[in-house]
Amino acid sequence: MTTEASQHPLELTNDFAPGESNFIKVDNFKFFYGKKEALHGINLEIPSRKVTAFIGPSGCGKSTLLRNFNRMNELIPGVHHEGDITIHGTSIYDPSVEIIALRRRIGMVFQKSNPFPMSIFENIVYPLRIAGQNTRSVLEETVERCLRSAALWDEVKDRLHDSALGLSGGQMQRLCIARAVASRPEILLMDEPCSALDPIATAKVEELIIELKKDFTIVIVTHNMQQASRVSELTAFFYLGNLVEFDNTRKIFTNPSMKQTEEYITGRFG
Amino acid sequence: MTSTATHSDKNFFSADGKGTSVFRLFRNRFLTGLCVALSLLTLVPLFSIVILVIQNGCPLLSANLFTQLPPAPGMDGGGFGNAILGTLVMVGISLVFSVPLGILAAIFVNEYAPVSWLASAVRFVAKLLTGIPSIICGVFAFAAVVMTTHKFSALAGGIALAILILPTILLTAEQALLGVPYAFREASFGVGATPFQTIWRIVLPEAMPAIMTGVMLAVARAAGETAPVLFTALFSQNWIKGIMEPTASLSVLIYNFASLPYAYHIKLAWSASLVLVALVTLSNILAQVIFAPKHR
Ligand SMILES: Nc1ncnc2c1ncn2[C@@H]1O[C@H](COP(=O)(O)OP(=O)(O)OP(=O)(O)O)[C@@H](O)[C@H]1O
Ligand SMILES: [Mg+2]
């Protein structure tokens, strides 16, 4: 399936006009590491149940924006923001928003897979356990559901209680995806999820992403242009802390409006 | 080698006697030999001590040593069961105070407020205290506990030892926490865990083997120190009845008996040394087995 996808990169993505059923809305958002302004007033509307790709040269602020959607960047000392991000019409900075609840509704997959040093089973049920859910049947059901949706069930079903650190790199990353969907989030954030994987593992994860968008709103950061065109409906191109262009993936890759975008996707810089 | 290598193909890899190769080869071998010799030399004192203690400690070794009380001056027979128990009790008391305090402080310093002035102050004081002479801990516990309770006691001895080992436990625990990859914390926060859950379920278990290594170092130090217990717990010829009583310890027993003019007491002191070394080694091994990382 994915080999086909790489032959016809644009066939899998259907056209979609930005602005339809907005889900995550970024409103004149600025972000500061200390005095350094990493994002200069971003405006962006991400639709639900689609895959949106963030592309752009290193250091342009893709991860910074992504990590603000679940307020992970607040763990870094000395940061602050201006502007607003709303999800479902509610500001994530509203005092009534519980950061814990927010992060449970937004799964995150990191560049380097980071399974806990526990069994495969315990890794996946961790989000449930910390929410006080310890019923055996619920946990077992969740493990199967998540491993199936991460296309990992058949490979590990006989060794659920073995250490997760014994898995291969690609399996570990899919385990992290399984863990990220355990608390039934609506949004899945992925920061270069395939950059440490070989082509076969990458293909599996890409297949998975396309599968998962039925249930999740997915935002993926990637340096791989083919990957962006294979998996995403929408693509946002960032440059030096600015959003340069945000449009249909097909349009971005075939007929971008901005010169900078064209130069980047044709590989003339970055 | 580069200077001689081009002379002829036959001698490509061998020193030809000209140039510097032979000298370099010789210097290399000489320095390697020197390093090996010096490493062996550092083992000499260690082995001499162990052999000496085993040689002198073994003759009296029997079950009686562990179950009987020390003999009166000039008498033979008996053991030092009360001193072993006393050492265990006082080390135990010191751990009860220092382990929770040290680990909690390390968690605060490393996890909650790593860049605060309070964290810097705690780190600075802990480093300063690791160098404190053990007798000062004894003096302090004497003033703070013995003078106020009007009693020499196991509690006072335990507190003196706790003060002695607290900085070691704090600093090694901090290093242990630092060694836990940030990615684990990120993963935990990312699925909505609170800082407390992250520390309790992920960070602490992962850091535990290294923390325990620090604790065992501290136990070894506490069990062997004489000065802090010398004038806080004093000594006792009898079994310990409560923690508010003067209490015997192996280290003070060795110190006392070794300076007595009775041959049997001196032999007892040797045996007590052997038991002390064995206890420390054994607890070290046990801790390594119990707290070995499970998911590697
Ligand atoms: N923890 C931090 N402290 C200070 N500055 C940071 C920090 N993280 C990122 N930055 C800065 O913010 C800017 C944006 O970084 P960010 O990580 O968002 O870029 P990116 O687009 O994800 O790059 P890459 O493709 O290399 O991952 C960069 O200039 C970077 O140096
Ligand atoms: Mg990044």
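Note that the coordinates shown come from a computational prediction; the quantities given were computed from them, not determined experimentally.

Cut-offs and rules
- Per chain, the residues get numbers from 1 upward, laid out in the order the sequence is written.
- Chain A is the first chain written and ligand 1 is the first ligand written, with later ones labelled in order.
- In keeping with the model being predicted, local features are shown solely for residues with a pLDDT of at least 70 and side-chain atom pairs are shown and tallied solely at 80 or more, while totals for entire chains, interfaces and linings include all residues.
- To obtain the side-chain values, all non-hydrogen atoms of the structure were included, while hydrogens and water were left out.
- Two residues form a contact once any of their heavy atoms are found within 4.5 Å.
- Here the quantity called buried area is the total loss of accessible area, with a 1.4 Å probe, experienced by two parts when brought into contact, counted for both.
- Counted as salt bridges are all cases of a side-chain nitrogen of Lys or Arg within 4 Å of a carboxyl oxygen of Asp or Glu.
- By the criterion applied in these results, polar contacts are pairs of N or O atoms within 3.5 Å in which, for protein atoms, one can donate a hydrogen and the other can accept it, and in which residues neighboring in sequence qualify only through two side-chain atoms.
- Working definition: helices are DSSP H or I runs of at least four residues, strands are E runs of at least two. Numbering for both runs from the N terminus.
- Classes in brief: Ala, Val, Leu, Ile, Met, Phe, Trp, Tyr, Cys and Pro nonpolar; Asp, Glu, Lys and Arg charged; the others, Gly included, polar.
- For our purposes a nonpolar core is just a set of buried Ala, Val, Leu, Ile, Met, Phe, Trp, Tyr and Cys residues, chained together by side-chain atoms within 4.5 Å.
- For each residue, the accessible area found with a 1.4 Å probe, counting protein chains only, is set against the maximum for its type, and the residue is called buried under 20%, exposed over 50%, and partly exposed in between.
- Bear in mind that the domain bounds are from an automatic or database domain assignment.

### A closer look at the interface of chain A and chain B
So, point 1. Between chain A and chain B, the residue contacts involve 21 residues of the former and 19 residues of the latter.
So, point 2. Carbon and sulfur atoms make up 65% of the area that chain A and chain B hide from each other, which totals about 1,900 Å².
So, point 3. Taken together, the connections running from chain A to chain B amount to 1 salt bridge.
So, point 4. In this structure, A:Arg67 and B:Glu186 form a salt bridge, with 2.8 Å as the shortest nitrogen-oxygen distance.
So, point 5. Inspection of the chain A/chain B interface yields 4 residue pairs in polar contact (both at pLDDT 80 or more).
So, point 6. Contributions of two or more residues to the side of chain A that touches chain B are made by helix H3 (99-105) and helix H4 (120-129) of chain A.
So, point 7. In terms of residue class, the side of chain A that touches chain B is built from 13 nonpolar, 3 polar and 5 charged.

### Observations concerning the nonpolar core
So, point 1. Counting 61 residues, the largest nonpolar core has A:Tyr126, B:Phe80, B:Ile211 and B:Leu250 as the members making the most contacts within it.
So, point 2. Where this core is concerned, the elements lending two or more residues are helix H4 (81-112), helix H7 (154-178), helix H8 (182-190), helix H9 (195-224), helix H11 (250-258) and helix H12 (263-290) of chain B.
So, point 3. Ranked by residue count, the leading element in this core is H9(B), at 13 residues.
So, point 4. Once you skip the residues sitting within four places of it in the chain, B:Ile211 turns out to touch B:Ile103, B:Ala173, B:Ala176 and B:Leu204.
So, point 5. In this structure, A:Ile177, A:Ala182, A:Leu197 and A:Ile218 belong to the second largest nonpolar core, which totals 49 residues.

### Examining the pattern of salt bridges
Side-chain pairs of opposite charge can arise where the charged atoms are in close proximity.
Residue and element names in this part refer to chain A.
So, point 1. Counted according to the given criterion, the structure contains 18 salt bridges over all chains.
So, point 2. Taking the shortest distance from any N to any O, the salt bridge between arginine 71 and glutamate 74 comes out at 2.7 Å.
So, point 3. Of the residues examined, arginine 71 reaches a relative accessible area of 13% and is grouped as buried.
So, point 4. Residue arginine 148 pairs with glutamate 144 through a salt bridge whose shortest N-O separation is 2.8 Å. Residue arginine 148 and its partner glutamate 144 are located together in helix H5 (residues 136-149), separated by 4 residues, close to a single helical turn.
So, point 5. Look at the salt bridges and you will find they share partners, linking Glu155, Arg174 and Lys204 into a network.

### Considering the domain arrangement of chain B
Residue and element names in this part refer to chain B.
So, point 1. Here chain B is described as being made up of domain 1 (13-57) and domain 2 (64-290).
So, point 2. Centre-to-centre separation of domain 1 and domain 2, based on C-alpha positions: 37 Å.
So, point 3. Facing 5 residues of domain 1, the contacting portion of domain 2 comprises 4 residues.
So, point 4. Approximately 480 Å² of surface area, both sides summed, lies buried where domain 1 meets domain 2, with 79% of it carried by carbon and sulfur atoms.
So, point 5. Looking at the side of domain 1 facing domain 2, the largest losses of area belong to Val53, Asn56 and Gly57, adding up to 80% of the total buried there.
So, point 6. The interface formed by domain 1 and domain 2 includes 0 salt bridges.

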